[in-house]
Amino acid sequence: MTTSASITTQQPIENFITRQGHQLFDGEQPFRFAGIHAPELHRIEDDAKGKCAADRRSWGQYFKWPSYTEQENWIKALVRTGHKAMRIYVLSVAHPDDAVCHRQTHILNPATVDGPPRLNEEAMVVYDQMIALASKHKLRLIIPFIDHWQWWGGREQLAAFYNENQDALYDTQSKTYHAYLNIIQQVITRKNTLTGRHYFQEKAIMAWETGNELKFSTAQFVKQTAAHIKALAPQQLVVDGTYLQLLPSSLDDPNVDIVSNHFYTVNNNNNPQTIKDNLAFISAKKAYMVGEFGLAPAGLLEDIMQTAVHYELNGAQAVGAFIWGFRGHRETGGFYWHSEGNGAYYSYHLPGFRDGDFNQEREVVSIVRKAQANMNGLPHAPPLPIPEPPTLHPISEGLKLNWLGSPTGQHYRIERRNTLSETWSVIAQQISDGKNKFDPQVDDLFVDTSALNSGSYEYRVIASNDSGESAPSNTQTVQLK
């Protein structure tokens, strides 16, 4: 198992991503990307715990920080299934009910009246890990600062620090807006505790986004914010995070590199035509990406994704598109998950499992991998890499087995032997760890119900996919009386 000690201060990524007109480049090579949006590489909604009844917002979730091991597993899963870039979710902002719900956030209230917001150091070390691991595995990150919505704490919670209305975020004269600029400065100038680099020096950070779905953005708001970001991070790109509209002023703003849009059925824009209309509006002046789309049948998602990949207007195409949304392995076994669209859809797991067929999971993964291949000039997605070994945890009472799954593993073989023997026996095959709504308080990945004599037994697990199988996992021993 790797640890943060394995991170090197040398940057594995050679170039910052740059923009020329409507195109992005990695060095001299055009850079385009497609993927399943992974919002929680830095903070986890633990849906298996349900909702926190003490949260006055009625939908408040339980959150926790992912472990380094989980973060690396997720990033490996993304990269090894063809992801070159990933947009994450925002920095969370403190809410009065956080303490009673036992959760932490990235942005804390000021230490003094009307003072600057504070960054939670524990949270930012997890952020450091995410960036360091993205660099190690060559995944480019798109990082939005603040949320228009309350889900993780956003503009309303930030404004509450200063006794201002939530819309004060968009008022460039307000205390809230200046606090927002201060957050941007604190984050971009932070020195990564693992790499020793300031965030503005991290080539893994492809772009900073003004925020998530900032639907009341004005020309002045974007102009001042983009200039502030660019002054602090001149080698990294800036995304206009405006929502449900494209601002004409951003097309001529020298500090804006990428114009983004999100498509959802509730907004009547979840269709291929939106891409065509957006490209016509932008007129090749900026790079264009579909930052989020989804919560729709796989057939529609494929139509939208294929339009993002292939539609061209006066030489300009979308640089990237992300289907919402991905959750990764739990370190203790199984996957995290999230219910979307009032329960109609669930988060997707990589590399795609039969357990997710009710959610069209394998179809959606196939749509994304085909798009990635097409963007790279290939007609079909390449085979998945052979899985790495899973990590088997100590066997719990009742011969219950759980393991951290391999990033590209789809099935697992369970083997057992008496410690007096050199021969391993297969006791189960084609075991999946891809169950949606996995509850670690109730569920186990495998239970050995064999009638065994007293003695000492060893177990190991082998991961497989269509490309082959992993080396065996570590072994765990159990003594039966």
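This text goes with the structure placed above it.
Q: When you look at the side chain of aspartate 46 in this model, what are you seeing that I'm missing?
A: Its place among the elements puts aspartate 46 in the loop between strand 5 (44–45) and strand 6 (63–64). By relative accessible area, aspartate 46 is classed as buried at 6%. Those residues in contact with aspartate 46 that lie beyond four places of it in its chain are Tyr62, Lys64, Arg330 and Tyr336.

Q: Please clarify how the side chain of asparagine 278 should be interpreted in this entry.
A: Within the element layout of this structure, asparagine 278 appears in helix 7 (residues 272–282). A distance of 2.7 Å separates the side chain of asparagine 278 from the side chain of tyrosine 288, its partner in a polar contact. Apart from the residues within four sequence positions on either side, asparagine 278 is in contact with Leu246, Asn261, Phe263 and Tyr288.

Q: Any chance you could explain the environment of tyrosine 127 here in plain terms?
A: Along the chain, the position of tyrosine 127 falls in helix 2 (residues 121–137). By relative accessible area, tyrosine 127 is classed as buried at 0%. For tyrosine 127, the contacting residues outside a window of four places in its chain are His42, Ile88, Leu91, His106, Ile143 and Tyr199.

Q: Teacher, can you tell me more about the packing of aromatic side chains here?
A: Aromatic ring pairs are defined here through the distance separating the ring centres and the angle between the ring planes. For the structure on display, the rule yields 18 aromatic pairs. Geometrically, the ring pair formed by tyrosine 180 and phenylalanine 221 is stacked, given 5.6 Å between the ring centres and 10 degrees between the ring planes. One end of the pair, tyrosine 180, is in helix 4 (residues 175–188); the other, phenylalanine 221, is in helix 5 (residues 219–232), with 41 residues separating them in the sequence. These aromatic residues form a ring-pair network of at least three members: Tyr170, Tyr177, Tyr180, Phe216 and Phe221. A cation over an aromatic ring shows up here: arginine 43 above the ring of phenylalanine 63, its NZ or CZ 3.7 Å from the ring centre. Across from the ring centre of tryptophan 152, 5.1 Å away, lies the NZ or CZ of arginine 43, which sits over that ring.

Q: What exactly am I supposed to notice about the sheet that holds strand 4 (residues 33–37) here?
A: By way of backbone hydrogen bonds, the strands of a sheet pair with one another, either parallel or antiparallel. Taken together, the 8 strands give an open sheet; going across it, the order is 4-15-14-13-12-11-10-7, and neighbouring strands pair in parallel fashion. Here the strands that pair on one side only, and so sit at the sheet edges, are strand 4 and strand 7 (85–87). Across the sheet, the mean angle separating the axes of adjacent strands is 20 degrees when strand polarity is ignored. In the sheet, strand 12 (residues 237–240) pairs with strand 13 (residues 258–263) via 2 bridges, with the strands oriented parallel. The partner of aspartate 240 across the bridge, within strand 13, is valine 259.

Q: Before we go on, may I ask you to explain the sheet that holds strand 3 (residues 29–30) in this structure?
A: Spatially, 3 strands are ordered 1-2-3 in an open sheet, and the strand pairing comes out antiparallel. Each end of this open sheet is capped by a strand with a single partner; those strands are strand 1 (17–20) and strand 3. Summarising the sheet, strand 2 (residues 23–26) and strand 3 pair through 2 bridges and their orientation is antiparallel. Looking at the pairing, aspartate 26 lines up with glutamine 29 of strand 3.

Q: Looking at this structure, how should I read the pattern of salt bridges?
A: It is possible for side chains of opposite charge to pair when their charged atoms get near one another. What the rule picks out here adds up to 29 salt bridges. A salt bridge links arginine 103 to aspartate 55; its shortest N-O distance comes to 2.4 Å. With arginine 103 in the loop between strand 7 and strand 8 (107–108) and aspartate 55 in the loop between strand 5 and strand 6, the pair connects residues that are 48 residues apart, well separated along the chain. Across the pair arginine 197 and glutamate 202 runs a salt bridge, and its minimum N-O distance is 2.9 Å. Just as arginine 197 is buried, glutamate 202 falls in that class too.

Q: How should I be thinking about the state of the cysteines in this particular structure?
A: Linking two cysteines covalently through their sulfur atoms gives a disulfide. Inspection of every chain in the model, using the stated rule, returns 1 disulfide. Through a disulfide, cysteine 52 is tied to cysteine 101; the S-S separation comes to 1.9 Å. Every disulfide takes its handedness from the sign of the S-S torsion; for cysteine 52 and cysteine 101 that torsion is -85 degrees, giving left-handed. Taken together, the residues cysteine 52 in the loop between strand 5 and strand 6 and cysteine 101 in the loop between strand 7 and strand 8 connect sequence positions 49 residues apart. Since its relative accessible area comes to 4%, cysteine 52 is described here as buried. We classify cysteine 101 as buried; its relative accessible area is 0%.

What counts and how
Residues numbered from 1 in each chain as written. Predicted model: local features only at pLDDT ≥ 70, side-chain atom pairs only at ≥ 80, totals over all residues. Heavy atoms only, no water. Helix = DSSP H or I, 4+ residues; strand = E, 2+ residues; numbered from the N terminus. Buried < 20%, exposed > 50% of the residue type's maximum accessible area, 1.4 Å probe, protein only. Contact = heavy atoms within 4.5 Å. Polar contact = N/O pair within 3.5 Å; in protein donor to acceptor, adjacent residues only side chain to side chain. Phe/Tyr/Trp six-rings, centres within 6.5 Å; stacked < 30°, edge-to-face > 60°. Lys NZ or Arg CZ within 6 Å of the ring centre and 35° of its normal. Pairing = 2+ DSSP bridges. Axes fitted to C-alpha atoms, helices over the stretch in contact; angles between N-to-C directions. Salt bridge = Lys/Arg side-chain N within 4 Å of Asp/Glu carboxyl O. Disulfide = S-S within 2.5 Å.

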